[in-house]
Amino acid sequence: MDFEIIEWKDNTVIMLDQRLLPTEEKYLTLNTYQEVAEAIKNLTIRGAPAIGVAAAMGMALGALHSTAVDYNTFKTEMRSVSSYLYKQRPTAVNLRWGLERMERLIDAGKGLSVPQLKTELINEAKKIREEDIQTNRLIGLYGHAVLDDGDTVLTHCNAGALATAGFGTAIGVVYAAIEAHKKIEVFADETRPILQGARLSAWELKKNNVPVTLITDNMAATIMRQGFINKVIVGADRIAANGDTANKIGTYSVAINARYHNIPFYVAAPFSTIDLRIKHGDQIPIEERDHSEVAVINGKRLCPEGINIRNPAFDVTPAALISGILTEKGILKPPFETAISAHHAESALSS
Ligand code: MRU
């Protein structure tokens, strides 16, 4: 791919400003954890795995600029950096996952000097980025088994390279299938209100020479009825222990439409997106974003002032509508509760 999403370079964080796509490809240089927090909040970087990497790099910046000289002061300072980053977006569990991984390193490093800890945290953030790319490659490798040569895949939002450190989850499965010489086309839902499908999925698919057709969200049922779609693959922001999946608002409608038209509906996500502390989807916190995202496009107001507006950024697709969860450890099949806990037990044994 001839673009990067997020990198650690010369003690700064470089990230592609996704708010400007598809018209401008511009990289920002961030020097402080507060700037990284703002970038997460304002969607400069977005997508669950990418947010996890950004949070870890934010922690690394916080560590780098800490003036603490002893372990306890450093640890207290890093706790407050972590909770500041954590506050930025509530739904994608990868944010918490990335921060907790950095915090565990601090806990384990009690015997180290502050400069040593700083080096370890920076290295860990870089490692989280590298691992994310490898994880996505594995999701693709296992996941593309669900795609047949000649399939057309519908996806919602952007769960591609742009939503991760690289390669992507849902769209990564498409890239992996194409690498395996399958002929695959993609239909991208535009994904109102922020248009991640139109601006981001269509951009990266075109850049990677994957045939892509853009539709507005309300066209999906008709396109399915007309027989254009063979499979649906979406990403996830948080998967509960029973398989209920939070993803971009509108995913639930796509899943209902897919079930009605007998089209398999898959979720592609790393294990870090599975939250075992949450039993079912109703417990997943859903971010409500600024109402201007619904009411205004490109500075132009679409609706009268003074009306009620809702803007939940995510919805929850019940596990019963999901045909399989494509992960870096293989494809999980229903009943997901059993499949997830079996894999979790296996990981606990091997770690
Ligand atoms: O609000 P966003 O753009 O961060 O929402 C992103 C999504 O909903 C993605 O589908 C999800 O994070 C999976 S990304 C691999």
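Being a predicted model, the structure only gives us computed values, none of them experimental.

Caption draft 1: Region of interest: unusual backbone geometry. Note that the residue after Arg192, namely Pro193, is joined by a cis bond; omega there is 5°. With an omega of 0°, the peptide bond running from Pro334 to Pro335 counts as cis. Looking at the element boundaries, Pro335 is found in the loop between β16 (330-332) and α11 (336-350). You will see that Asp10, though not glycine, has its phi angle at about 45°, which is positive. For Asp10, the location among the structural elements is in the loop between β1 (6-9) and β2 (12-16).

Caption draft 2: Molecular detail of helix α4 (residues 93-108). Here α4 contains 16 residues, and its C-alpha end-to-end distance of 23 Å stays within 8% of the 22 Å for a straight helix at 1.5 Å per residue. Among the residues making up α4, those that are buried are Val93, Asn94, Leu95, Arg96, Gly98, Leu99, Arg101, Met102, Leu105 and Ile106. On its buried face, α4 is in contact with α1 (33-41), α2 (48-64), α3 (71-86), α5 (114-143), β8 (238-240) and β11 (274-275).

Caption draft 3: Main features of the side chain of Lys118. With respect to the helices and strands, Lys118 occurs in helix α5. Glu77 provides the closest opposite charge to the buried, unpaired Lys118, separated from it by 7.4 Å. In this structure the side chain of Lys118 is engaged in a polar contact, spanning 2.8 Å, whose partner is the backbone oxygen of Ser66. Not counting residues within four places of it along the chain, the set of residues in contact with Lys118 comprises Ala63, Leu64, Ser66 and Phe74.

Caption draft 4: Highlighting the nonpolar core. Ranked by size, the top nonpolar core spans 51 residues in total, and within it Ile6 and Ile40 carry the most contacts. The element best represented in this core is α2, accounting for 12 residues. In this structure, this core is formed jointly by two domains, domain 1 (6-137) and domain 2 (145-350), each of which donates at least three residues. Those residues in contact with Ile6 that lie beyond four places of it in its chain are Val13, Ile14, Met15, Ile45, Val53, Ala54, Met57 and Arg129.

Caption draft 5: Region of the structure containing the sheet that holds β16. In space, the 7 strands of this open sheet follow the order β6-β5-β4-β7-β10-β15-β16, with mixed pairing throughout. Where the open sheet ends on each side, the last strands, each with one partner, are β6 (212-215) and β16. Recorded for the sheet is a direction-independent mean angle of 25° between the axes of neighbouring strands. Relative to strand β7 (residues 231-234), strand β4 (residues 152-155) runs parallel, the two sharing 2 bridges. Opposite Leu154, over in β7, you have Val232 as the bridge partner. Against the sheet, α5 touches β10 (265-268), β15 (324-327) and β16, its axis set at about 135° to β15. Contacting β4, β5 (185-189), β7 and β10, helix α9 (residues 251-260) runs over the sheet at an angle of about 145° to β10.

Caption draft 6: Quick look at the domain arrangement of the chain. By the assigned domains, the chain splits into domain 1 (6-137) and domain 2 (145-350). With centres defined by C-alpha atoms, the gap from domain 1 to domain 2 works out at 25 Å. Taken together, the contact between domain 1 and domain 2 spans 29 residues of the former and 34 residues of the latter. Taken over both partners, the interface formed by domain 1 and domain 2 buries close to 2800 Å², and the fraction arising from carbon and sulfur atoms is 51%. Three residues, Arg46, Thr91 and Asn136, lead the burial of domain 1 against domain 2; their summed loss comes to 22% of the area buried on that side. Across the domain 1-domain 2 interface, the total number found is 5 salt bridges. Across the contact surface, domain 1 and domain 2 share 21 residue pairs in polar contact (both at pLDDT 80 or more). Elements with a minimum of two residues in the side of domain 1 that touches domain 2: α2, α4 and α5. The element best represented in the side of domain 1 that touches domain 2 is α5, accounting for 6 residues. Each residue belonging to the side of domain 1 that touches domain 2 can be placed in one class, and the counts come to 13 nonpolar, 6 polar and 10 charged.

Calculation criteria
- Throughout this description, residue numbers start from 1 for each chain and increase along the sequence as written.
- A pLDDT threshold of at least 70 governs which residues receive local features in this predicted model, and a stricter bar of 80 or more applies before side-chain atom pairs are shown or counted, although totals over entire chains, interfaces and linings include all residues.
- Side-chain numbers come from the whole structure's heavy atoms, not from hydrogens or water.
- The way it works is that DSSP assigns letters per residue, a run of H or I at least four long becomes a helix, a run of E at least two long becomes a strand, and they are numbered from the N terminus.
- The span one expects for a helix is its residue count, reduced by one, times 1.5 Å.
- Summary of the burial criterion: residues with accessible area below 20% of their type's maximum are buried, those above 50% are exposed, and those between are partly exposed, where the area comes from a 1.4 Å probe applied to protein chains only.
- By definition in these notes, contact holds between two residues if any of their heavy atoms fall within 4.5 Å.
- This count recognises Lys and Arg as positive and Asp and Glu as negative, with His and chain-terminal groups excluded.
- Here, a salt bridge means any Lys or Arg side-chain nitrogen found within 4 Å of an Asp or Glu carboxyl oxygen.
- Here a polar contact is taken to be a pair of N or O atoms separated by no more than 3.5 Å, where protein atoms must pair a possible hydrogen donor with a possible acceptor and residues adjacent in sequence count only if both atoms sit in side chains.
- We call a set of buried residues a nonpolar core when its members are Ala, Val, Leu, Ile, Met, Phe, Trp, Tyr or Cys and they connect through side-chain atoms within 4.5 Å of each other.
- What fixes the domain bounds is an automatic or database domain assignment.
- Whether two strands pair comes down to DSSP finding at least two bridges between them.
- Every axis corresponds to a line fitted to the C-alpha atoms, with the helix fit spanning only the stretch in contact, and the corresponding angles, defined between N-to-C directions, vary from 0 to 180 degrees.
- As a working definition, buried area equals the accessible area (1.4 Å probe) given up by two parts on being put together, with both sides summed.
- Asp, Glu, Lys and Arg are counted as charged, while Ala, Val, Leu, Ile, Met, Phe, Trp, Tyr, Cys and Pro are counted as nonpolar; the rest, among them Gly, fall into the polar class.

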